[in-house]
Amino acid sequence: MSFEEKNRLNEDEQIELALRSFRDSVHAWSEQEFSKARTIRRSRWDAFWRVLANPVLGWTLASALVVTSVGVPVTVHHQRELVAARNAQMLRQQLLEKQAAQQEAVAMSDDELLSHVDSDVAQAAPDAMEPLASLMSDSSSQ
Amino acid sequence: MATTTTVVLESMGKRAVATAIARDDSADFAEVATRYRPQIFRFLLASLRDPDAAETLTQDCLLKAHRNWASFRGESSVMTWLLRIAINLQKDHWRSRRMQFWKLTSNNAVDAEDASHWLPSGESSPEQQALAKDQVRVVWKVVKGLSERQRTVFMLRHVEEMEIHEIAKTIGLSEGTVKAHLSRAMVRVRAELGGRR
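Residues numbered from 1 in each chain as written. Chains lettered and ligands numbered in written order. Predicted model: local features only at pLDDT ≥ 70, side-chain atom pairs only at ≥ 80, totals over all residues. Heavy atoms only, no water.

Enquirer: So, the overall build of chain B: which residues are in play, and what are the values?
Expert: For chain B, the count of helices and strands is ten helices and zero strands. Beginning at the N terminus, the succession of helices and strands in chain B can be written as α-α-α-α-α-α-α-α-α-α. Taking contacts inside chain B between residues at least 6 apart in sequence as the whole, the part at least 24 apart equals 62%. By element, 51% of the accessible surface of chain B is carried by carbon and sulfur atoms, the whole surface being about 10,300 Å². (Helix = DSSP H or I, 4+ residues; strand = E, 2+ residues; numbered from the N terminus. Contact = heavy atoms within 4.5 Å. Areas by Shrake-Rupley, 256 points an atom, 1.4 Å probe, with all protein chains shown as cover.)

Next up, the structure:
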């Protein structure tokens, strides 16, 4: 057997020994720990994460998150559009009312102007022309 | 009745017990739990180095096994089935630990240095004890640096002394992949131990 082969065998033995020691160590540790009385402690967070780890619940929460993250902005946008449309309609209505009021005011002032002009133009007939004036009024009445 | 059953189970081989239990629907699950609990605990303790976590996951493993006991058909041994559950729980445990990186979680994991202090009280001399302790410390150091899968394979092979085909069945990998993982782990052990001499 060559030196290298011997060396190799020696190394293998050492590794075998180390692995056996490791196994024995783990077994001894495990036996020691296993015989200890131990209470299973679980924090509230552990329970929370355990519940979250449930795939059905996980998918449900993920779906709810997606629906919320998409649905809320869409709803808010829709609501804003509705409010904007309502406001625009109200403004239009107010404008129409204002225009109608202005037209009415303009119409009233025309009548007033006509009566004003009429009163300005109209003059009392002189005494000498009074019979003629009564004659004209009689002929217009006929 | 329970004592008789335990004696019978102890006298039977692992595979025979699995088949017997699997075929007998009325078999008491408590017998299975009593028999395999220490081994599951040991595997989880070696993998996690946290006695409290190992105990919790052992309980979870047995609880899960109890819930699915009716569906166990005995296609694999009970131990393989239980270890498969334990490995999945261990994966979930690591995953949840990774997810909780932002919060301070109490970590009871024993340091590899401390774990190497455990040695069976044999008849060896103090020198041999010291050498063994040093070797165990080196192996723990290597184990700590292995990937999750490599560590699982290494533990099943060198702590639970399972055969390659059993490990493959337990983890759900091909025998070739298991051998590759084991080989990579052994290269590191060899390098660490070889480099020390």
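From this point, things continue past the structure.
Enquirer: Provide a residue-level description of the nonpolar core, including the pertinent values.
Expert: Judged by nonpolar contacts, the single largest core of 58 residues is most densely connected at Phe22 of chain A together with Ile40 and Phe154 of chain B. Where this core is concerned, the elements lending two or more residues are helix H1 (3-35) of chain A together with helix H3 (29-48), helix H4 (51-67), helix H5 (78-99), helix H7 (126-145), helix H8 (148-158), helix H9 (164-171) and helix H10 (175-196) of chain B. For this core, the element with the highest residue contribution is H3 of chain B, accounting for eleven residues. (Core = buried A, V, L, I, M, F, W, Y, C linked by side-chain atoms within 4.5 Å. Buried < 20%, exposed > 50% of the residue type's maximum accessible area, 1.4 Å probe, protein only.)

Enquirer: Could you give an account of the pattern of salt bridges, with specific residues and numbers?
Expert: Evaluation of the coordinates by the stated rule reveals seven salt bridges over all chains. Of the charged contacts in the structure, one is a salt bridge between Glu11 of chain A and Arg190 of chain B, with a shortest N-O distance of 3.5 Å. Linking Glu11 of chain A in helix H1 with Arg190 of chain B in helix H10, this pair reaches from one chain into another. Between Glu192 of chain B and Lys141 of chain B there is a salt bridge, with the nearest N and O atoms lying 3.5 Å from each other. With Glu192 of chain B in helix H10 and Lys141 of chain B in helix H7, this pair connects stretches of sequence that are 51 residues apart. On the basis of relative accessibility, which here comes to 28%, the residue Glu192 of chain B falls in the partly exposed class. Among the charged side chains, a salt-bridge network with shared partners connects Glu11 and Asp12 of chain A together with Arg190 of chain B. (Salt bridge = Lys/Arg side-chain N within 4 Å of Asp/Glu carboxyl O.)

Enquirer: Give a description of the packing of H8 of chain B against H9 of chain B that names residues and reports values.
Expert: All names here are of chain B. Following both chains from N to C, one finds H8 and H9 inclined at 135°, their axes separated by 10 Å at the closest point. Accordingly, the angle class assigned to the pair H8 and H9 is oblique. Remark: the crossing between H8 and H9 carries right-handed chirality. Of the residues in H9, those touching H8 at Arg149, Thr152, Val153, Leu156 and Arg157 are Ile164, Ile167, Thr170 and Ile171. Classifying every residue of the contact of H8 with H9 gives five nonpolar, two polar and two charged. (Axes fitted to C-alpha atoms, helices over the stretch in contact; angles between N-to-C directions. Parallel < 35°, antiparallel > 145°, perpendicular 65-115°, else oblique. Left-handed = near helix turned anticlockwise from the far one by under 90°. Nonpolar A, V, L, I, M, F, W, Y, C, P; charged D, E, K, R; others polar.)

Enquirer: Tell me about the confidence of the model for chain B, and please be specific about residues and values.
Expert: It should be kept in mind that the predicted coordinates are not to be read in detail where pLDDT is low. All names here are of chain B. Residue-level pLDDT values for chain B average 78, and 71% of them are 70 or greater. Confidence over residues 1-16 falls short of pLDDT 50; this stretch has 17 contacts with residues more than four positions distant or in other chains. The ipTM, which scores confidence in the relative placement of chains, is 0.76 for this predicted complex, and the corresponding pTM is 0.59. (pLDDT = per-residue confidence, 0-100.)

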